[in-house]
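These are the residues of each chain, in order.
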Amino acid sequence: MLRLHDTALGEVVDIEPAQPGRFSMYVCGLTVYDVPHIGHGRAALVYDLLRRYLEWTGVDVHHVSNVTDIDDNIIQRAEREGRSSTEVAEQYERAWWDAVDRLGVLRPHDIPHATEYVERMVELIGQLFERGYAYQAPDGVYFATEALDGYGLLAGQPLESLRAGARVESDESKRSPTDFALWKLSKPGEPWWESPWGKGRPGWHTECVVMSLDLLGDGFDLHAGGLDLKFPHHENERAQAVALGKKFTRHWMHHAFVEVAGEKMSKSLGNFTSLTDLLARTDARAYRLLVLQSHYRSPMEVTVSTVDQAVRGLTGLDTFALRFRDAFDDADAAALASRADAEELARFRQRMDDDLDTPPVTGQLFDLIRRGNAAADTGGGEDAERIAATVATVAGALGLAPYLTGDVPADVVAACARIDEARAQRDFATADAIRAELSAGGWIVENSPTGTRVRQAPTP
């Protein structure tokens, strides 16, 4: 049975889905006002790993992740650049999905946008008024945290401690410093929607409550995101749902931050300034391997050195896959697993079921590669083939696809050559345009020390 660390309970617990054989998960998505950073990439990969593993075990997963397409940051950027909020949101949402696709992440089954749910958010706020949890202030509508018993569960602190440590707002619109906005009245020139409390837009904390309950229903299995969302964002979501008498989610899961050796991310330092930058400069699979080599609840270091080490590890996987190509070309996952080492697969499942303990799993994977090569070198064909089937099965469950050369159409090869030529001439606009054409055609485009290479994008 899968066990995960439940933030609300503060311990690793058995995860028993509300419906046997099915699993519903809501992952807080991106606010699209800039290119994604490497922390966003870790989030996408952690929950892609969880989804892939559950599906590998035969569970039917319903994965929902939202896009926040109206927000103060979006509005401010639009004002600075003389554009509409919609234009800004659409530009950076495209950048996000381009990065997700290049990482080999499966897209969520549902991708709700905040602007599609404003009417329902207004209804929810109205219900909070009726129950005595909301009040109107000069600048909008707020949730009264003192009216809710148990506020602060995810923060691990009682309301009194949160209130004492909260920053006091200068406008004095709120009754308590821990109260949060449900509806923000619009300022001149800002986007707005109609509501009983005046023209404005919903507060960020209200969006996910409405979208998750609409698409997954009350009592869905898992709500997830980064540690930075635990409080106040997720606590404020939980507060609204509880105030309405909802169970909301059965479990809470949060992953840790990304670190860069204590250095500010900067091109001048040779660090990765964004996820987009990282993917433009290295094999996208290297980031997945880095995520796998760090437990999701531990800080993860991303530097040029750690990425280079991951790339070298991938070389070993790719070489092994070419040596045993029949195993890695087998599209029948069940048949492949039946040829694998049962004890090794049981060990893999035991580690994954133990709070997604991926660091020893990656050690197991590369140990199997070493043993498989050794068996093949000494004439142990049967052992080598069994180990190859095991490696292919585990790598597939982790979404860690090897790069297999060959079977690339001549026109695609030529396009890769044009990308390399454009980059050599520092004509990055042309290189990016060609890359976009290949991506639209179903190819994952990656940089490597030997030039641009491609592989088929995985089928969702």
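Just so it is clear, the structure is predicted and the values come from calculations on it, not from any experiment. (Residues numbered from 1 in each chain as written. Predicted model: local features only at pLDDT ≥ 70, side-chain atom pairs only at ≥ 80, totals over all residues. Heavy atoms only, no water.)

Observations concerning the domain arrangement of the protein chain
It is common to give the size of an interface as the accessible area that goes away when the parts come together. By domain assignment, the protein chain separates into domain 1 (16-258), domain 2 (285-397) and domain 3 (410-456). A C-alpha centroid distance of 35 Å is found between domain 1 and domain 2. Residue-level contacts link 22 residues of domain 1 with 21 residues of domain 2. Between domain 1 and domain 2, a total of about 1,900 Å² is buried, with carbon and sulfur atoms accounting for 68% of that surface. Of all residues in domain 1, R42, Y53 and W56 give up the largest surface area on contact with domain 2, accounting jointly for 38% of the area buried on that side. The shortest N-O distance in the salt bridge between D48 and R288 comes to 2.9 Å. Put simply, domain 1 and domain 2 have 10 residue pairs in polar contact (both at pLDDT 80 or more) between them. At the level of secondary structure, the elements contributing two or more residues to the side of domain 1 that touches domain 2 comprise α1 (38-56) and β10 (249-255). (Domains from an automatic or database assignment. Contact = heavy atoms within 4.5 Å. Buried area = accessible area lost by both parts, 1.4 Å probe. Salt bridge = Lys/Arg side-chain N within 4 Å of Asp/Glu carboxyl O. Polar contact = N/O pair within 3.5 Å; in protein donor to acceptor, adjacent residues only side chain to side chain. Helix = DSSP H or I, 4+ residues; strand = E, 2+ residues; numbered from the N terminus.)

What to know about the sheet that holds β10
With respect to topology, four strands assemble into an open sheet ordered β4-β3-β9-β10, the strand pairing being parallel. Looking along the sheet, the strands with just one partner apiece sit at the ends: β4 (60-68) and β10. Sheet twist, expressed as the average angle between the axes of neighbouring strands with direction ignored, equals 20 degrees. Where strand β3 (residues 22-31) lies against β4, eight bridges are found, and the strand directions are parallel. Note on β4: the bridge partner recorded for V27 is S65. (Pairing = 2+ DSSP bridges. Axes fitted to C-alpha atoms, helices over the stretch in contact; angles between N-to-C directions.)

Some words on the pattern of salt bridges
Going through the model one piece at a time under the given rule, you end up with 29 salt bridges. Between R52 and D48 there is a salt bridge; the shortest N-O distance is 2.8 Å. A residue pair is termed a helical-turn pair when its members lie 3 or 4 positions apart in one helix, as R52 and D48 do in helix α1 at four residues. Here D48 falls in the buried class, since its relative accessible area comes to 1%. Of the charged contacts in the structure, one is a salt bridge between D341 and R386, with a shortest N-O distance of 3.8 Å. With a gap of 45 residues between them, D341 in the loop between α12 (333-338) and α13 (342-353) and R386 in helix α15 (residues 381-398) connect regions that are remote in the sequence. Overall, D341 belongs to the buried group, its relative accessible area being 17%. The structure contains a network of salt bridges with shared partners spanning E344, R347, D367, R370 and R371. (Buried < 20%, exposed > 50% of the residue type's maximum accessible area, 1.4 Å probe, protein only.)

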